[in-house]
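Each chain is listed here by its residues.
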Amino acid sequence: MRVGVPKEIKNHEYRVGLTPASVRELTGEGQQVLVQAGAGAEIGFSDDDYRRAGAEIAATAQEVFAAADMIVKVKEPQPDECRMLRQGQVLFTYLHLAPDPEQAKLLQQSGCTAVAYETVTDRNGRLPLLAPMSEIAGRMAIQVGAVALQKSAGGSGVLLGGVPGVLPGKVLVIGGGVVGANAARMAMGLGADVTIADRSVARLAQLDDLFGPQLKTAFASADTLDRLIVDADLVVGAVLVVGAAAPKLVKREQLSRMRRGSVLVDVSIDQGGCFETSHATTHSDPTYVVDGVVHYCVANMPGAVARTSTEALNHATLPFALALANKGWKRALAEDPHLLAGLNVHAGKITHPAVADALGTPYADPQGFVL
């Protein structure tokens, strides 16, 4: 199989689908790899690094898409990239289709076979290809939230850790999954007053065992969230429904009761956002203000720490990329139900039930395409 790696074109996206180390693994298995010139240059992976790993270098994305049997990316394909995809070609990347009907339509029109990192599962029902970016996004949420709280950035001027004689800032994390746990860890490390809210009592018990009394836990009822939201200096939205659009848990009317200069960081923005007032922003212009509350809603947060993110992502995706390349997509998916769960689009059909439901389109059982 010829594996293609185009340069990412989303705003301030410097990650790359394959590192030179991953390319070496693929070429060692007899696969051909074609990398667009400069694809990893911004994070220290030169074209010569890729050549030494056995890759060929292509001058343009068009050459990569035209020659490759499988495209490996990081972020969802932009419209121009979707139009370069073709029937029978495999796309392996993050897709986040639920809030993006335009991308879904373009992928369906292309006829490609699109496997989404974010819906690949493991034997425990977890999301192994989403986890490394969730860890990074959770940790970054506190980092960017702390900066946004600075008065010079439009925030209230609260230092999360406080100082002797001054109480620390209050952080509310909504969602106790990978993002939420990592956000809570970072916020507590800064010395903030941290509460994590979730609707799973079992998960709250796990977090209590993990972090002890330094972390406050709360059942995420509507009444409890309302009380905690208006009292928080920083709210991190860390809610995930696999493949589906995120529920809107923070309402517009609540913003008017928050302290002016409070900050919302919506890590769920890839799935449409969990704040009613959220809309996607970029690293070039990451924040905006609604009713005096600062919103940070960058849709590719881990792209800001692109070297770390790329290496962490490749550690998780490489075994699946090798399986797709060595076995072909049909056999690889037939033999691995967890990889099959990643199939979102095939031959014009939506093949993930949550995605189909979110988009209001017919669902096609992926089993029918691999048996």
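Since the structure is predicted, the reported quantities are computational estimates derived from the model, not experimental observations. (Residues numbered from 1 in each chain as written. Predicted model: local features only at pLDDT ≥ 70, side-chain atom pairs only at ≥ 80, totals over all residues. Heavy atoms only, no water.)

### What about the overall build of the protein?
The condition that has to hold: Runs of H or I in DSSP of at least four residues are treated as helices and runs of E of at least two as strands, each being numbered from the N terminus. A radius of gyration in this sense is built from C-alpha atoms; the matching globule rule multiplies 2.2 Å by the number of residues raised to 0.38. Any residue under 20% of the maximum accessible area for its type is buried, any over 50% is exposed, and the rest in between are partly exposed; the area is computed with a 1.4 Å probe on protein chains only. Contacts: residue pairs with any heavy atoms within 4.5 Å of one another. The positive count covers Lys and Arg only, the negative count covers Asp and Glu only, and His and the chain ends enter neither. Note that the charge is assigned to NZ on lysines, CZ on arginines, CG on aspartates and CD on glutamates.
Of regular secondary structure, the protein possesses 15 helices and 15 strands. Relative to its length of 371 residues, the protein is compact, with a C-alpha radius of gyration of 21 Å against a globular reference of 21 Å. Seen through its principal axes, the protein has C-alpha atoms that stretch 65 × 45 × 35 Å. Across the 371 residues in the protein, those meeting the buried criterion constitute 56%. Looking at the protein alone, contacts between residues at least 24 apart form 62% of all its contacts between residues at least 6 apart. Averaged over its 33 positive side-chain charges, the protein has a centre that lies 1 Å from the centre of its 38 negative ones.

### As for helix 9 (residues 222-231)
Of all the positions in helix 9, only Thr 224, Leu 225, Leu 228, Ile 229 and Val 230 are classed as buried. Residues of helix 9 that are buried in the fold lie against strand 7 (170-174), strand 8 (193-198), strand 9 (215-219), strand 10 (234-237) and helix 10 (252-255).

### Remarks on a nonpolar patch on the surface
The test is simple: Patches here are clusters of residues that have more than 30% relative accessible area and form no salt bridge, with a 9 Å joining cutoff for like charges and a 5 Å cutoff for nonpolar side chains (Val, Leu, Ile, Met, Phe, Trp, Tyr). Only the protein chains shown count as cover for residues, and the accessible areas themselves come from Shrake-Rupley with a 1.4 Å probe. Here a salt bridge means any side-chain nitrogen of Lys or Arg lying within 4 Å of a carboxyl oxygen belonging to Asp or Glu.
Together, Leu 159, Val 163 and Val 166 give the surface a local cluster of nonpolar side chains, amounting to about 280 Å² of exposed area. Take Leu 159: it is sitting in the loop between helix 6 (131-148) and strand 7.

### Here we look at the layout of surface pockets
The test is simple: Using protein atoms alone on a 1 Å grid, points that fit a 1.4 Å probe yet trap it form a cavity, whereas open point sets bounded by protein on both sides within 12 Å along at least five of seven lines form a pocket; residues with an atom within 4 Å of a point count as lining. Grid points are joined across faces, edges and corners, and a volume is the space filled by probe spheres set on the points. The residue classification treats Ala, Val, Leu, Ile, Met, Phe, Trp, Tyr, Cys and Pro as nonpolar and Asp, Glu, Lys and Arg as charged. All others, Gly included, are polar.
Within this model, the second largest pocket holds a volume of roughly 310 Å³. For the second largest pocket, the lining is made up of 20 residues, of which Lys 10, Glu 76, Pro 99, Asp 100 and Ala 280 are closest to its centre. Mapped onto the lining of the second largest pocket, the elements with two or more residues apiece are helix 4 (79-82) and helix 5 (101-110). Here the residues of the lining of the second largest pocket are counted per class, giving nine nonpolar, six polar and five charged.

### Side note on the sheet that holds strand 11 (residues 263-266)
Worth spelling out the cut-off: Pairing between strands is defined by DSSP: at least two bridges between them are needed. Helix axes use the C-alpha atoms of the stretch in contact, all axes being lines fitted to C-alpha atoms, and the angles between their N-to-C directions lie in the range 0 to 180 degrees.
Judged by pairing direction, the sheet is mixed, and its seven strands sit side by side in the order 9-8-7-10-11-13-12 without closing on themselves. Looking at which strands have only one partner, the edges of the open sheet turn out to be strand 9 and strand 12 (287-290). With strand direction ignored, the average angle separating the axes of adjacent strands in the sheet is 20°. Packed onto the sheet, helix 6 meets strand 7, strand 10, strand 11 and strand 13 (293-296) and runs at close to 150° relative to strand 11.

### So, the side chain of Asn 182
Summarising the element assignment, Asn 182 is placed in helix 7 (residues 178-189). Asn 182 gets classed as buried once you look at its relative accessible area, which sits at 9%. Contact partners of Asn 182, with chain neighbours within four places excluded, come to Glu 135, Gly 138 and Arg 139.

### Digging into the packing of aromatic side chains
Under the convention used in this document: Here the aromatic set is Phe, Tyr and Trp, taking the six-membered ring for Trp, and pairing holds for ring centres within 6.5 Å; pairs whose planes are under 30 degrees apart are stacked, those over 60 apart are edge-to-face, and all others are tilted.
Applying the stated rule across the entire model yields two aromatic pairs. Look at Phe 92 and Tyr 117: their rings are 4.7 Å apart centre to centre, the planes differ by 85°, and that puts the pair in the edge-to-face class. One end of the pair, Phe 92, is in strand 5 (residues 90-93); the other, Tyr 117, is in the loop between strand 6 (113-116) and helix 6, with 25 residues separating them in the sequence. Grouping residues by exposure puts Phe 92 and Tyr 117 together as buried. Ring centres of Tyr 94 and Tyr 117 lie 4.8 Å apart, and the angle between their planes is 85°; this geometry places the pair in the edge-to-face category. One end of the pair, Tyr 94, is in the loop between strand 5 and helix 5; the other, Tyr 117, is in the loop between strand 6 and helix 6, with 23 residues separating them in the sequence. For the pair shown, Tyr 94 and Tyr 117 are each scored as buried. Members of the aromatic cluster, joined through ring pairs, are Phe 92, Tyr 94 and Tyr 117.

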